[in-house]
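Take a look at the letters that make up each chain.
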Amino acid sequence: MSSAAKVWVLLGLGLAGLLILTRRRKRKEISKVDFGAFIERFQLLPPPQPVPPIARHVLTDLTFAVGDMFDVEGHVTGLGNPDWLSTHEPASRTAAAVSLVVSQGATCVGKTVVDELSYSITGENKHYGTPTNPSIATRIPGGSSSGAAVAVAAELVNFSLGIDTDGGVRIPAAFCGILGFRPSHGGVSTVGVVPMAQSFDTVGWFARDPNVLRRVGHVLLQLPLSDFRRSRRVIVADDCFQLSTMPEENTLGVITRSVENLPGCQVLNHINLGQYIASKVPSLKVFKTEESRNGEGNSTLKNLCNAFLLLQRYEFKMNHEEWVKTVKPALGPGISGRVDAALETPDEKVEYCLKARNEMRAALSNLLKDDGILVIPTASAPPKLRSKGRQLEDFLSCAVSLSSISGMSGCCEVTVPLGKYDGCPVSVSLVARYGADRFLLDTLLDLYPSFQKQAEIASSSQSFPMVGNQIKAAEISKEKVSQLPFFRRE
């Protein structure tokens, strides 16, 4: 290499380093006042309002932020990693979803922190720090869209956009005590978003107000405004709630009382979802492990999780193997292991993953039809910051098992906050069939006031964590649920 060429290489590396250093300095300056949510501040202003009598833009006067996996013209998409930032050029176009909400009156005020390479659900980031959970500062905020959730929970913006692959919107919404919506897979354009695993990547959004959540949904999904359909069936997945550490009084109790107190046709059913899936998704037998063969825990959900993780790893490998091997990025310990596992993933079972995904979509569509809402826990209580070992492994296993239900079926799902228990946010998820996004948004708007009322009652009557006989009773309940036929009506 000539001397002149070496000078240009060094100059390029120097500029990249300066960009990273500048971004880190700016982040330190603003992190104290924004809970560490933002990685970069800027403004994307909406167009002028249309001339009357044309209606005003739907999202007028609302502010929002986007996770650092969305392209914004003139800005480098960092994906939570300095090496990614330094090896990519500024975006030439803004992501389609971002442009759409700006065109309808919302103002984008910046980019937020994401998990490294968007490949985690804890919300912790070695390089840029972990955004502080406004709901409980000693616990993780959840990820991958950690900063986007924190920005909404801290009332810094009205709503925010994130990416949900394996719970990246649903889990931080649950841990930060806000609403989080994962639409049907493919329902919102992912053009201009760094891909992680295309079979699961979805543009999701956070809000504190169900009206705002619905308005944003109608814009992103380009849905017509129409009357509510109030007739619905509510189906509780009893076996899934045995994966949660939250007391049933604060979850199932709230749901049951809320449904019973609403006018109109609200049929409440119960199901053993694992048994139902086992009977409808035969391809999952390929993904049995030694643990599931021994009947430990909910074996079908573990098989579903195994299929999900294999396809996620394989698609991550297809998207990013060349960059990882060329750049050799500095990765945090947790992320490093996941990336290594992804790069070693064979393709021999991929076709079975895709087959299981199609069977799951058909199974849940048959179960839910046009009027069904499935109720499951979003996740267990958020782990403490910097958790390691078995505690973290148990959380990840439970969370991905639950998130893979919508992930593998492509169904739409909304995380609903239900107050707190022992200082931690409580939540459940409502799931509707693939393509029933408007029905789910309308259902949430209809049920939300009753949910909040019953959650307040439950929170005020449950002031202490489970101890002694309550833990024993919970274990007995788990044994009873394992014996349930897969469907029954209350």
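Keep in mind the model is a prediction, meaning the values are calculated, not measured.

Trainee: Just to check I follow, could you spell out the overall build of the chain for this structure?
Mentor: In terms of helices and strands, the chain carries 16 helices and 12 strands. Looking at the chain as a whole, 56% of its 490 residues are labelled buried. Within the chain, counting contacts between residues at least 6 apart in sequence, those at least 24 apart form 78% of the total. Only carbon and sulfur atoms are counted for the fraction: they give 54% of the accessible area of the chain, which is about 20,600 Å².

Trainee: For this particular structure, what's the right way to read the layout of surface pockets?
Mentor: The method is simple in principle: a probe with the dimensions of a water molecule rolls over the atoms, and the space it marks as empty is what remains. Size it by volume and the second largest pocket reaches roughly 760 Å³. What lines the second largest pocket is a set of 29 residues, and nearest its centre among them are Ser120, Gly334, Arg338, Leu392 and Leu396. For the lining of the second largest pocket, the secondary structure elements donating two or more residues are α11 (299–327), α12 (333–343) and α14 (389–409). Considering every element that reaches the lining of the second largest pocket, the biggest residue donor is α12, with six residues. Grouping the constituent residues of the lining of the second largest pocket by class yields 10 nonpolar, 10 polar and nine charged.

Trainee: How should empty space enclosed by the protein be read in this particular structure?
Mentor: Within the structure shown, the criterion is met by two cavities of 30 Å³ or more. Taken as a whole, the largest cavity encloses approximately 60 Å³ of empty space. Lining the largest cavity are Ala174, Phe175, Met246, Ala379, Ser380, Ala381, Pro382, Pro425, Val426 and Ser427. Along the lines of polarity and charge, the residues of the lining of the largest cavity split into eight nonpolar, two polar and no charged. Looking at the second largest cavity, its volume works out to about 30 Å³. Lining the second largest cavity, in full, are Met69, Leu79, Leu117, Ser118, Ile163, Val193, Val194, Pro195 and Met196. Taken together, the residues that form the lining of the second largest cavity break down as eight nonpolar, one polar and no charged.

Parameters at a glance
Residues numbered from 1 in each chain as written. Predicted model: local features only at pLDDT ≥ 70, side-chain atom pairs only at ≥ 80, totals over all residues. Heavy atoms only, no water. Helix = DSSP H or I, 4+ residues; strand = E, 2+ residues; numbered from the N terminus. Buried < 20%, exposed > 50% of the residue type's maximum accessible area, 1.4 Å probe, protein only. Contact = heavy atoms within 4.5 Å. Areas by Shrake-Rupley, 256 points an atom, 1.4 Å probe, with all protein chains shown as cover. 1 Å grid on protein atoms, 1.4 Å probe; cavity = no way out; pocket = protein on both sides within 12 Å on 5 of 7 lines; lining within 4 Å. Points joined across faces, edges and corners; volume = space filled by probe spheres on them. Nonpolar A, V, L, I, M, F, W, Y, C, P; charged D, E, K, R; others polar.

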